[in-house]
Amino acid sequence: MEFRVLVPQKIAQEGIRLLEENGASMVVPPSYDEATLVNYVRDVDAIIARTEIYSHRVLENANRLKIIARHGIGVDNIDVKAATKYGIKVTNTPSANINAVAELVLTFMLASTRHLLPIDDAVRHGNFDIRNRLFGYELNGKTLGIIGFGNIGRLIAEKCRLGLGMNIVVFDPYVTAEDVELYVKLTESLEYLLRISDVVTLHVPYVSTTHHLLHKGSFQMMKKDAILINAARGGVVDEKALVEALMNGEIRGACVDVFEEEPPRAENPLFKLENVIVTPHLGAQTHEAFKKMAIDAANEIISVKNGEVPEHLIHPVTT
């Protein structure tokens, strides 16, 4: 029987080519709303998943589906419990985009501390004297608080300590002192991290225990000149509370790549604030990461097609 792979959203051609070279054929649906996915999952063996939603309703119609290979790290758009129930393997690509996300976080830090967006706008409108009125901040010697110390958090710590001379403090209940470099200060107190950090960056998955991990009280703990960066998942931050904190001067600024609702509505209040940088969930959107995610996801599918165990299976499915 033909081995069919559903590709609802665009991926790099290198991934498509690898699958085709290994005997798979691609199925591209006209859209990726739930009703369309319900129809298309009936007759496919594998899926390369990006941001589309794989609900219980979708998966219960997947008669021959063997694997959902997530093109990225987070799997909060996949009902993993339902996948387990129906014997569908779920994998991700945990290392493919870590450098892309880490570099975006550094971009956010540098752009916000040097006020690049308002300065760019001022110069374009003839205000060259902005150079004498809007001074920036240096990151050297400042404290970076990293919440979540997986692959991305570790790479950010390395770049910021060794490249920028920042002090690194980390909160991650699943990490021990033996797991971190000597330049990393590990704390068991999220409150402590929030109180001492000049920049706070989030790198945790979105699960029930991390919903609104940062909330109104969190922002009240932070330094008034602190900057928050969220390139993880929107639901990790109480967006309404963040807006209030920014408007009330409880923190100096925020850089937001992810939103509680995606795509965000045009009237999202974050868009009206000058002390915010917003981007459209593009942490992994580099040519290099896009190619590697496609290849890594394709390799997981090929492993399953060949009767092998995929490298990055995220749940205990063996059927």
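Residues numbered from 1 in each chain as written. Predicted model: local features only at pLDDT ≥ 70, side-chain atom pairs only at ≥ 80, totals over all residues. Heavy atoms only, no water.

- In the nomenclature of an unreviewed UniProt entry, the protein is known as Hydroxyacid dehydrogenase of Oceanobacillus kimchii.
- Recorded under Sequence similarities (unreviewed entry), the UniProt text for the protein is reproduced unchanged: "Belongs to the D-isomer specific 2-hydroxyacid dehydrogenase family." (UniProt positions renumbered as here; feature names shortened; annotations may be inferred.)

### Focus on the pattern of salt bridges
Right, on to step 1. All chains considered together, the criterion is met by 10 salt bridges.
Right, on to step 2. Taking the shortest distance from any N to any O, the salt bridge between Arg 4 and Glu 2 comes out at 3.9 Å.
Right, on to step 3. With a closest N to O distance of 2.9 Å, Lys 223 and Asp 198 form a salt bridge. Note that Lys 223 is positioned in the loop between helix 9 (216-221) and strand 10 (227-230) and Asp 198 in the loop between helix 8 (190-196) and strand 9 (199-202), a separation of 25 residues in sequence. (Salt bridge = Lys/Arg side-chain N within 4 Å of Asp/Glu carboxyl O. Helix = DSSP H or I, 4+ residues; strand = E, 2+ residues; numbered from the N terminus.)

### Some details on the side chain of Asp 198
Right, on to step 1. The exposure class assigned to Asp 198 is buried, which follows from its relative accessible area of 14%.
Right, on to step 2. A polar contact is formed between the side chain of Asp 198 and the backbone nitrogen of Thr 143, at a distance of 2.8 Å.
Right, on to step 3. Setting aside chain neighbours within four positions, we find Asp 198 in contact with Lys 142, Thr 143, Lys 223, Asp 225, Ala 226 and Ile 227. (Buried < 20%, exposed > 50% of the residue type's maximum accessible area, 1.4 Å probe, protein only. Polar contact = N/O pair within 3.5 Å; in protein donor to acceptor, adjacent residues only side chain to side chain. Contact = heavy atoms within 4.5 Å.)

### A closer look at unusual backbone geometry
What is expected of a backbone is that most residues other than glycine have negative phi and most peptide bonds are trans.
Right, on to step 1. Here Glu 262 and Pro 263 are connected by a cis peptide whose omega angle stands at -5°.
Right, on to step 2. Locating Pro 263 in the fold gives a position in the loop between strand 11 (253-256) and strand 12 (276-278).
Right, on to step 3. Positive phi outside glycine occurs at His 115, with the angle close to 55°.
Right, on to step 4. Mapped onto the fold, His 115 is located in the loop between helix 5 (98-113) and helix 6 (116-124).
Right, on to step 5. In this structure, His 212 takes a positive phi of about 50° despite not being glycine.
Right, on to step 6. Looking at the element boundaries, His 212 is found in the loop between strand 9 and helix 9.
Right, on to step 7. On the basis of relative accessible area, His 212 is assigned to the partly exposed category, the value being 22%.

### Points about the environment of Thr 209
Right, on to step 1. Along the polypeptide, Thr 209 turns up in the loop between strand 9 and helix 9.
Right, on to step 2. For Thr 209, a relative accessible area of 64% translates into the label exposed.
Right, on to step 3. Sequence separation of Thr 209 and Phe 271 is 62 residues, and the distance between their C-alpha atoms is 28 Å.

### Some details on the layout of surface pockets
Gaps left between atoms show up when a probe the size of a water molecule is rolled over them.
Right, on to step 1. Estimated volume of the second largest pocket: approximately 200 Å³.
Right, on to step 2. Looking at the second largest pocket, it is lined by 16 residues, and the ones nearest its centre are Ser 112, His 115, Glu 274, Asn 275 and Val 276.
Right, on to step 3. For the lining of the second largest pocket, the secondary-structure elements that each account for two or more residues are helix 5, helix 6, strand 11 and strand 12.
Right, on to step 4. Grouping the amino acids of the lining of the second largest pocket by side-chain chemistry returns 10 nonpolar, 4 polar and 2 charged. (1 Å grid on protein atoms, 1.4 Å probe; cavity = no way out; pocket = protein on both sides within 12 Å on 5 of 7 lines; lining within 4 Å. Points joined across faces, edges and corners; volume = space filled by probe spheres on them. Nonpolar A, V, L, I, M, F, W, Y, C, P; charged D, E, K, R; others polar.)

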